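Structural features, examined
Chain by chain, the residues run as shown.
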Amino acid sequence: MDTEGRLERYRDADRWPTGESLAAMLDSQQAAFVAVRNALPDLSRAIRTAADRLGETGRLIYVGAGASGRLAVQDGVELWPTFSWPQERLVYLLAGGEAALVRSLEGVEDDAAAGEHAMVGLGPARADVVVALAASGTTAFTRAAQAAARRAGALTVALANNPGAPLLTEAEAPVLLHTGGEFLAGSTRMTAGTAQKIALNLFSTQLMMELGRIHQGLMVDVVASNAKLVERSHRIVQSLAGVTLAEAAAAWERAGRNIKLAVLLLDGLNPETASARLLEAGGDLRRARPATPRH
């Protein structure tokens, strides 16, 4: 596997001056950006298909082991506060369970039966989207979980770093992040992990945009769970509606602290009409706004 290869140019890095070694380590990370750039066509297809599948009921199910699994969880936990993605529509299948988030449980990744059992227990459906990650693309737990999901009709999106990896060939929407060998041979938490993190950032953000949870580059579904986010919500309403900050804050409160509804109220709609238009538009503020807003 390419990810296990040894890069001869770094053979003596442990004898280099610290600054030189760090610079080489950083330079090696450029392969992550290149890998994601090359994967954009496949990533785009995966996102469009996922957006079509999820609808109003589909779940996002992240699957992984070790560093890949922890990266998957890191991406998923941001979806509720940033985009109000319902927590009941977000699931993690991490080899070794929650304990594997804070310590390495390497042997659990080889347990195919556990992966299959965990996925079957979720009762995956056609509307569900499974995002499976493995740098090697051979991890037994992840492959078995993905296979069970595909048999049940769920969409399977796979991210792996080796060409021809089984995880990719067994998925409906494979995304190859070909990063090659590592500065530290076999340590895929480095360049391979960086590529996975970038790809996940792109995947989830674009997916939420396709689902109408981003408007004009703003977090219109942000959960205002602290003072900073309350202020951000006010500024978003102000920017979109073209009103004063005080007017924006008042409208936001009137709308039950819902940014989209607040903007529609400031557009001149009454609460009932605003809610109905937003529901009809599937939560997409751009489609819900009147052609000639008041402001």
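Residues numbered from 1 in each chain as written. Predicted model: local features only at pLDDT ≥ 70, side-chain atom pairs only at ≥ 80, totals over all residues. Heavy atoms only, no water.

Another aspect to go through is the packing of helix α9 (residues 227–241) against helix α11 (residues 259–266). Between α9 and α11, the shortest axis-to-axis distance is 9 Å and the interhelical angle comes to 35°. Handedness of the α9/α11 crossing: right-handed. Between α9 and α11, the contacting residues are Ser233, Ile236, Val237, Leu240 and Ala241 on the first element and Ile259, Ala262, Val263 and Leu266 on the second. By residue class, the composition of the contact of α9 with α11 is 8 nonpolar, 1 polar and no charged. (Axes fitted to C-alpha atoms, helices over the stretch in contact; angles between N-to-C directions. Helix = DSSP H or I, 4+ residues; strand = E, 2+ residues; numbered from the N terminus. Left-handed = near helix turned anticlockwise from the far one by under 90°. Contact = heavy atoms within 4.5 Å. Nonpolar A, V, L, I, M, F, W, Y, C, P; charged D, E, K, R; others polar.)

Read across the sheet, 5 strands follow the order β2-β1-β3-β4-β5 without closing on themselves; strand pairing throughout is parallel. Each edge of the open sheet is held by one strand with a lone partner, namely β2 (90–94) and β5 (173–176). Geometrically, the sheet is characterised by an average inter-axis angle of 15° between neighbouring strands, direction not taken into account. Note: strand β1 (residues 60–64) against β2, 5 bridges, orientation parallel. (Pairing = 2+ DSSP bridges.)

Next up on the list: the pairing of β5. The side chains of a regular strand alternate between both faces of the sheet. Side chains Ala173 and Val175 of β5 all project onto a buried face; the interleaved residues Pro174 and Leu176 project onto a face where none is buried. Of the pairings in the sheet, the one linking strand β4 (residues 155–160) to β5 comprises 4 bridges and is parallel in character. Residue pairing for β5: Ala158 is matched across the bridge by Pro174. (Buried < 20%, exposed > 50% of the residue type's maximum accessible area, 1.4 Å probe, protein only.)

On to the nonpolar core. Among the nonpolar cores identified, the biggest contains 35 residues, and Leu60, Val131, Leu159, Leu177, Phe203 and Leu207 are the most heavily contacted of them. Elements with a contribution of two residues or more to this core: α2 (30–54), β1, α3 (66–76), α4 (79–83), β3 (129–134), β4, β5 and α8 (191–210). Broken down by element, the residue count for this core peaks at 10 residues, all from α2. Those residues in contact with Phe203, other than ones at most four positions away along the chain, are Leu43, Ala46, Ile47, Ala50, Leu60, Val131 and Val157. In terms of nonpolar packing, the next biggest core, distinct from the first, is built from 26 residues, Leu229, Val230, Ile236 and Ala288 among them. (Core = buried A, V, L, I, M, F, W, Y, C linked by side-chain atoms within 4.5 Å.)

Take the packing of aromatic side chains next. Scanning the model with the defined rule gives 3 aromatic pairs in all. Taken together, the ring pairs connect Tyr10, Trp16 and Phe183 into an aromatic cluster. (Phe/Tyr/Trp six-rings, centres within 6.5 Å; stacked < 30°, edge-to-face > 60°.)

What follows is about the environment of Ala99. If you trace the backbone, Ala99 turns up in the loop between β2 and α5 (112–122). Spatially, the C-alpha atoms of Ala99 and Ser68 are 15 Å apart, while their sequence positions differ by 31 residues.

Moving on, we come to the environment of Ala288. Structurally, Ala288 can be placed in helix α13 (residues 285–288). Since its relative accessible area comes to 1%, Ala288 is described here as buried. Not counting residues up to four positions away in its chain, the partners in contact with Ala288 are Leu264, Arg277, Leu278 and Ala281.

Right, let's get into the pairing of β3. Buried residues dominate β3, accounting for 6 of its 6 residues. Judged from the 4 bridges that link them, β1 and β3 form a sheet pairing that is parallel. Each bridged residue has a counterpart across the sheet, and for Ile61 the counterpart in β3 is Val130. As paired strands, β3 and β4 are joined by 6 bridges and run parallel to one another. Each residue of the ladder has a partner; that of Ala134, found in β4, is Ala160. For the handedness criterion, the β-α-β arrangement of β3, helix α6 (residues 140–151) and β4 is classed as right-handed. (Right-handed = clockwise from strand over helix to strand, strands pointing away.)

Next up on the list: the packing of α9 against helix α10 (residues 245–254). Viewed as axis vectors pointing N to C, α9 and α10 meet at an angle of 110°, and their least axial separation amounts to 8 Å. Compared by their axis directions, α9 and α10 come out roughly perpendicular. Along the contact surface, α9 presents Val230, Ser233, His234, Arg235, Val237 and Gln238, while α10 presents Leu245, Ala248, Ala249 and Trp252. Residues belonging to the contact of α9 with α10 are distributed by class as follows: 6 nonpolar, 3 polar and 1 charged. (Parallel < 35°, antiparallel > 145°, perpendicular 65-115°, else oblique.)

With 8 of 11 residues buried, α3 lies mostly within the body of the structure. For α3, the set of buried residues is Gly66, Ser68, Gly69, Leu71, Ala72, Val73, Asp75 and Gly76. In the core, the buried residues of α3 are packed alongside β1, α4, β2, β3 and α8.

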